[in-house]
Amino acid sequence: MPPAEVVPMFSPELRRTLGRLLALTLMLTIGLVATPAHAATNLVQNPGLEIVGSDGFPVCWERSGHGDNTFTIGTTTDAHSGSRAMRVTITELTNGDRKAMMLENAECAPRVEVGHQYDLSVWYKSTTAANAVTLFRHDTELGWQYWLDPATLPATGTWQQKVVRTPPIPANTDQITWGVSIYSTGTLTTDDYSMVDVSVPTPTPSGCTDAIGCTRGKWQVMPYEATVRGIHAVMLHNGKVLLVAGSGNDPSAFAAGTFKTAVYDPTNGTFTDVPTPADLFCAGHVQLRDGRVLVMGGNKDYPSADGTVGYKGLRNSYIFDPATNRYVRTNDMLAGHWYPSATILGNGDVLSLGGLGEDSTGTTTTDYFSSAEQRWLSMNEVKQTWSWWGLYPAMVLMQDGRLFYTGSHTFGMGLPGSGASIYDYATGTITDVPGLRRKDERDQSMSVLLPPAQDQRVLTVGGGNGDIGATAHRLTDIIDLKAANPRYEPGPLLPQGTLTGGVPQSGDQGKMYVSLVLLPDGTVFETGGALHNRADPVFEASIFDPTTNTFRAGMATDPVPRTYHSSAFLLPDGRVMAVGDNPGNGSFDTRISIYSPPYLFKGPRPQIRSVASTTWAYGSTQRITVNSPVTRASLIRPAAVTHSSDPNQRFVELPMTVKGTNTIDLNVTSNPNLAPPGWYMLFVHNANGVPSVAKWVKLG
Ligand SMILES: [Cu+2]
């Protein structure tokens, strides 16, 4: 895996000065001035490396990289065209990488426009396959930052061209630089770089097939109801949905030992009952790398009649197999967990934290499931911090393998600290993260890793405080986990909706029990929620656009209230399904609603005609064919959601190499922390944002 950071060889000031001098040389030499970006203009300065400064090094380029290695970076006459190419040779390497990069300054770094996409092309030869295209972006507020590695390059003894399309340029970005890294011993030669704006103007909405659907989308309440209380929902890789109720928050069902699970088929509306071995009500769940579902914890007992003892957590754990529709028991966890977190790591293992234990007190034991050994590790095998994380703490895997506790949780207010933190399991350290507003009013808020996962930004929305009955608020906060010292910054206010009877929300009124669903066009659908603890449903839905950090308000609203014990999630056909509602009177709404977003009313959908392989390796290139031009491809991890909590949900960009209209090579990340192993939904979408139906692929 290529390292994510580059330590400059010169101080920033010296580098800027050198850059200006070299750029001046460049302009004097060939009279080049910056040209505005438009199609077919090569935006790379000195792309053939033919113009060198007094030091013999190509102007607008620099030697870069880091780590403990022995290397040379300079020009060679072994060129693809002209008389010079760039050669990077590493003769000894303990760690790190080396590369020639475009200079990070105003004159040399290519200028970009937010939302546009660019085809990057380079000719290269390499004696090793340990090469990657590496991108940096200039943030107008934060300065130069590592962005992503959109492609890896195989070894080749003859000149080969690599072309890769960038994701849409993120907000606040005005320039990018890039180069090719080598991170093993060997020789990499590059030449004839180019960068071309390939953005297609967004078509006018003449493709609209339905004026209302086109702007607001449409909901359909199914003409049947779920056979179980849909408190937990898992999108299975066979296209069906696992709905887990356990006792379903019904003490009489618990007393009778009646625990329920059903597998729902959205294509034909059928339900298949699954024998349920324990009360999996308020368990945790996550897909394992083979697509089976690991379920941990759950409800050992309801509160005592006199209210002095609360809910108790099970130590039981099961694996649900979609091939057989059966649960198989694993060994027990170290501690009971009622409302545990469940996060899959880059190696396929699972960390589970928090919840209530067998005696109803808070569980401070870390539980760790080994993918290789298919068991929960014993006490002496797990690194313990004995920290109290609350209930359903939202733990998001970061690209460096650490976990980000977003501050979203269920109940359990009043934890010490700033309300968010970074947890490094490897070292057992927990670092407070500042900036989250009203940290003690984040009960039943929701957090999501924004598209694309490579940008490492998390959005946290709404929440309340069920313990004191506080009114849910409209705050959203956004954090960039790539920053040197990440901190939440205020995001836009959540749009307001209406309460029962059509009463409009006012002032600070927002929602708890909110659902956030990543859509295949790279936006986030926000739906459902309530103003107070198990009361006052809010009818409001919007679409958040991560490239502009804004909400598009006024989406169609689910006719069914979706408050406590409700969830919404993406179906592989691009629609959104919503289940559950468990208001304070103890009733439960088993209706199913399905939302068709506006993109399904904007003309023909592109189709993925073929996928060369459905088993994908990290760092590989995967060929697909489509029936019409597409602008973007992604992998979306299928939902495993409950209580506004699905910290494994993610949209992983697949930078494209376009081989013609209908053949596309997809560049798969080499970093398993960006896309943990497992089954994913592969989507493409066209210039109008209309997505395909997904194909299922297994990564890692
Ligand atoms: Cu619950």
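Numbering of residues starts from 1 in every chain and runs along the sequence as written. A pLDDT threshold of at least 70 governs which residues receive local features in this predicted model, and a stricter bar of 80 or more applies before side-chain atom pairs are shown or counted, although totals over entire chains, interfaces and linings include all residues.

## Remarks on the domain arrangement of the protein
Marked domain ranges trace back to an automatic or database domain assignment. Taken domain by domain, the protein holds domain 1 (12–197) and domain 2 (608–699). Contacts between domain 1 and domain 2 engage 11 residues on the former and nine residues on the latter. Only runs of H or I of at least four residues qualify as helices and only runs of E of at least two qualify as strands under DSSP, and these elements are numbered from the N terminus. Listing elements by their share of the side of domain 1 that touches domain 2, those giving two or more residues are strand 7 (143–153) and strand 8 (156–165). With four residues, the top contributor of residues to the side of domain 1 that touches domain 2 is strand 7. Grouping the constituent residues of the side of domain 1 that touches domain 2 by class yields six nonpolar, three polar and two charged. Here the contact rule is simple: place C-beta atoms from the backbone, and any two residues whose C-beta atoms are within 7 Å are in contact. Basically, the charged four are Asp, Glu, Lys and Arg, the nonpolar ten are Ala, Val, Leu, Ile, Met, Phe, Trp, Tyr, Cys and Pro, and anything else, Gly included, counts as polar.

## Notes on the sheet that holds strand 30 (residues 446–449)
When DSSP finds at least two bridges between two strands, those strands are taken to pair. One open sheet holds the four strands; their spatial order is 30-31-32-33, and the pairing between them is antiparallel. The open sheet has two edge strands with one neighbour each: strand 30 and strand 33 (488–490). Here the average twist between neighbouring strands, direction ignored, is 25°. The sheet contact formed by strand 30 and strand 31 (residues 457–461) spans four bridges and is antiparallel. Each residue of the ladder has a partner; that of Leu449, found in strand 31, is Val458. Here the axes come from fitting lines to C-alpha atoms, over the contacting stretch only for helices, and the angles between their N-to-C directions go from 0 to 180 degrees.

## What to know about unusual backbone geometry
The omega torsion of the bond from Pro451 to Pro452 falls at -15°, within 30 degrees of zero and hence cis. Along the chain, Pro452 turns up in the loop between strand 30 and strand 31. Within the chain, Ser360 stands out as a residue other than glycine whose phi angle is a positive 80°. Following the sequence through the fold, Ser360 ends up in the loop between strand 23 (350–352) and strand 24 (367–370). Residues with at least 20 other C-beta atoms within 10 Å of their own are called buried, those with 12 or fewer are called exposed, and the rest are partly exposed. The C-beta atoms themselves are positioned from the backbone. Ser360 gets classed as partly exposed once you count the C-beta atoms within 10 Å, which come to 18. Even without being a glycine, His565 presents a positive backbone phi close to 60°. With respect to the element layout, His565 can be found in the loop between strand 41 (550–552) and strand 42 (567–570). What makes His565 buried here is the crowd of 25 C-beta atoms within 10 Å.

## Let's talk about the environment of Pro597
Mapping Pro597 onto the fold places it in the loop between strand 44 (591–596) and strand 45 (608–611). Placed 380 residues apart in sequence, Pro597 and Gly217 show a C-alpha to C-alpha distance of 4.4 Å. Sequence-distant contacts of Pro597, defined by excluding residues within four places in its chain, comprise Gly217, Leu519, Phe525 and Val576.

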